[in-house]
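# Commentary on secondary and tertiary structure
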Amino acid sequence: MSWHSDSFIVPGSLTPPVMPAPLAAAPARVLLDGLAYFGDRKNATFAQAVTRTGHTLGVSFWLAAPPAVSHLCFHCSGGVELAHLLEEPHVLCSGKDVAVIRVVYNTGVRPIQTFDDLAVPDSDYLVYRARAGEPPSLDVLPDPKPESFQPWETGLLPCGDGDGGEDFLMAVLRTRCVLLQYDLHVFSSKTNTWTTRLARLEPPSARYRDEFLVHEPDKVIALDGGVLGWVDLRRGVLLCNVLDADPVVRYIQFPRPMEGNMYLQNRARAVRDVTYSDGFIKLVEIEDQRSLVAIARAWNGPRSRASMDGYGFEVEDTSESYTPDGWIVVTWNRKLSWDRWSQDCTAYVNRSSISAELMKDKHDTSGSSELENLEMAGSVWSVDDGDVVYLMAKADSTGRDACAVALNVRRSVMGGVTLLPAKRWAFFNLQYHPFALSKYLNMAADDCKDDAADSQIQEREDDRNNIMILVAGLDPSVTVNQLKAIVAKFGELRYLKIHADEQYGLVQFVSRSCAEQAISALNGTQIGGQSVRLSWSPSHVEKHVHRDGGCVSIAYQAIILMHIGVDYSSQLY
């Protein structure tokens, strides 16, 4: 696939991250990166659709238990090239067993049908459905032109009963240039059509009868009874029942930001998140102590010290010698029938404790010195545990090290710290969100019926005892310990050797099933600075390694190099 200079696709999206060992059973919900990666990796979640121009697109999901991040892999085929796309496909919205994915094309790539085609980018809206016990499906939805919708303004409302229902509504709320009036755009999967209705705002106070309500949505949440909430994390949430024939919009204002966040220039997504569960709207906010101490120094200390004391944390010194080390995390909740917010929990987490957890879990901490300068990219509520928040952190926008911290805010206890692949700029434009579709998905490679996917692990029946993997295209800088740390996640190893000059490695597992999982998950991913190709090694090479005590002779190295398409005469002599 080629890359186009007019595209906004970042290079980091071209290499899907290495995934942990496949899960025995998918968790009810995962933390999904809403921005797709590109690659030919496939598993049992793979599904394809044919677009209006006759081209074939495919998607697959790669799941990991939180706080590790799962991702979507996008497959270009059937005449679609990477250069045709304006940006990475992204998950527009999701709910229960449905996810809607938007694919945006560069201008002029596809034929123009109407004048409306010139007004907005040409897009495909794909609906992915996962059915328990059945193969997933991918279908193309009608284009909402002349409108074009974004993830932060689009919500999804499942309408089916139980796990078998497939109908859903997709809705977008946009203000009109008229006081108190909004356009509610709704797609119904039952009728396969888009409609637009007028929605009127109930003025939250008398002033808004004559002034526009400033509201810039960051996300959309689903509540009960057909209600969706368009959340502006800095200001409040607009609630609307999208099932009503004459919808009314209600506004709930959020508590004022914490002291250290009052003057932040970036979007509130970096410090706040909102969810709805158990009848409550729940708000979490993170305050960096360094911001608070900076304010305290500017104000000579008393105001901000008093503010921190009010949260239950003592600050004895805000002089230049004082070095803040962490974040205060505060949660609020509110029922729809209440007229005010209730502060619920307060917790504290520091940078040094995150580094300690990483070392305790024996993660690769080669960049641990950078992790001491962690910056929060934001927080994401767990939808499985109402007291758990995932804190997403990174050293800086260009660094490779990032981590997800599971924090129980009620007990002020960390439940786990996980390193994340985070080379893309999108990490600080937080795209991660809880994803409920995962409980319907099965990533097991054995269940995948696609011939191309099966080809990764196919071989002659008389070689079924072969459990040695050939890792081709290996970066010469990758060490044995680095490769071992990656492949050992899939099971116990019997043998591992790297041939750096020839850029390949041999890995043997104790279990055949573990080797199959490693091939399925790692083939086409990046290890070091290069994408690797995983396949079964020639079985006679494996027998030779066993017989000669783990050594690979020149003759058998030649067999391996011919197997991976390398001119062995120049490599070995």
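Cut-offs and rules
- Residues numbered from 1 in each chain as written.
- Predicted model: local features only at pLDDT ≥ 70, side-chain atom pairs only at ≥ 80, totals over all residues.
- Heavy atoms only, no water.
- Helix = DSSP H or I, 4+ residues; strand = E, 2+ residues; numbered from the N terminus.
- Buried < 20%, exposed > 50% of the residue type's maximum accessible area, 1.4 Å probe, protein only.
- Pairing = 2+ DSSP bridges.
- Salt bridge = Lys/Arg side-chain N within 4 Å of Asp/Glu carboxyl O.
- pLDDT = per-residue confidence, 0-100.
- Contact = heavy atoms within 4.5 Å.
- Axes fitted to C-alpha atoms, helices over the stretch in contact; angles between N-to-C directions.
- Arc of directions from axis to C-beta.

## Quick notes on the environment of V417
Structurally, V417 is set in strand 24 (residues 413–421). Sequence spacing of V417 and I354 is 63 residues, and the spatial spacing of their C-alpha atoms is 6.8 Å.

## Focus: the pairing of strand 15 (residues 236–241)
Counting buried positions over the six residues of strand 15 gives six, a clear majority of the element. Here strand 15 shows a buried face lined by G236, L238 and C240 and a second buried face lined by V237, L239 and N241. Linkage of strand 14 (residues 227–232) to strand 15, two consecutive antiparallel strands, is achieved through a turn of three residues. Hairpin remark: strand 15 followed by strand 16 (residues 248–253), antiparallel, with six residues in the connecting loop.

## Here we look at the pattern of salt bridges
Applying the stated criterion across every chain, the model contains 14 salt bridges. In this structure, R174 and E147 form a salt bridge, with 2.9 Å as the shortest nitrogen-oxygen distance. Residue R174 is found in strand 10 (residues 168–175), and its partner E147 is found in the loop between strand 8 (137–141) and strand 9 (154–158); the two are separated by 27 residues along the sequence. The network of salt bridges with common partners includes E147, E153 and R174.

## Digging into the confidence of the model for the protein
Per-residue confidence for the protein averages 78 on the pLDDT scale, and 73% of its residues sit at or above 70. Within the model, pLDDT remains below 50 along residues 362–368, and this stretch shows eight contacts once partners closer than five positions in the same chain are excluded.

## Remarks on the sheet that holds strand 28 (residues 504–509)
Taken in spatial order, the four strands line up as 27-28-26-31 in an open sheet, and their pairing is antiparallel. Each edge of the open sheet is held by one strand with a lone partner, namely strand 27 (493–499) and strand 31 (533–536). Within the sheet, the average angular offset between the axes of one strand and its neighbour, ignoring direction, is 20 degrees. Sitting on the sheet, helix 6 (residues 480–487) is in contact with strand 27 and strand 28, with an inclination near 140 degrees to strand 27. Sheet strands touched by helix 7 (residues 512–522): strand 26 (468–472), strand 28 and strand 31. Its angle to strand 31, the strand with the most contacts, is close to 150 degrees.

## Quick look at helix 6
Taken residue by residue, helix 6 has L483, I486 and V487 as its buried positions. For helix 6, the arc enclosing every buried residue in end-on projection is 85 degrees, short of the 170-degree limit, so these residues lie on one face. Packed against the buried residues of helix 6 are strand 27, strand 28, helix 7 and strand 29 (526–527).

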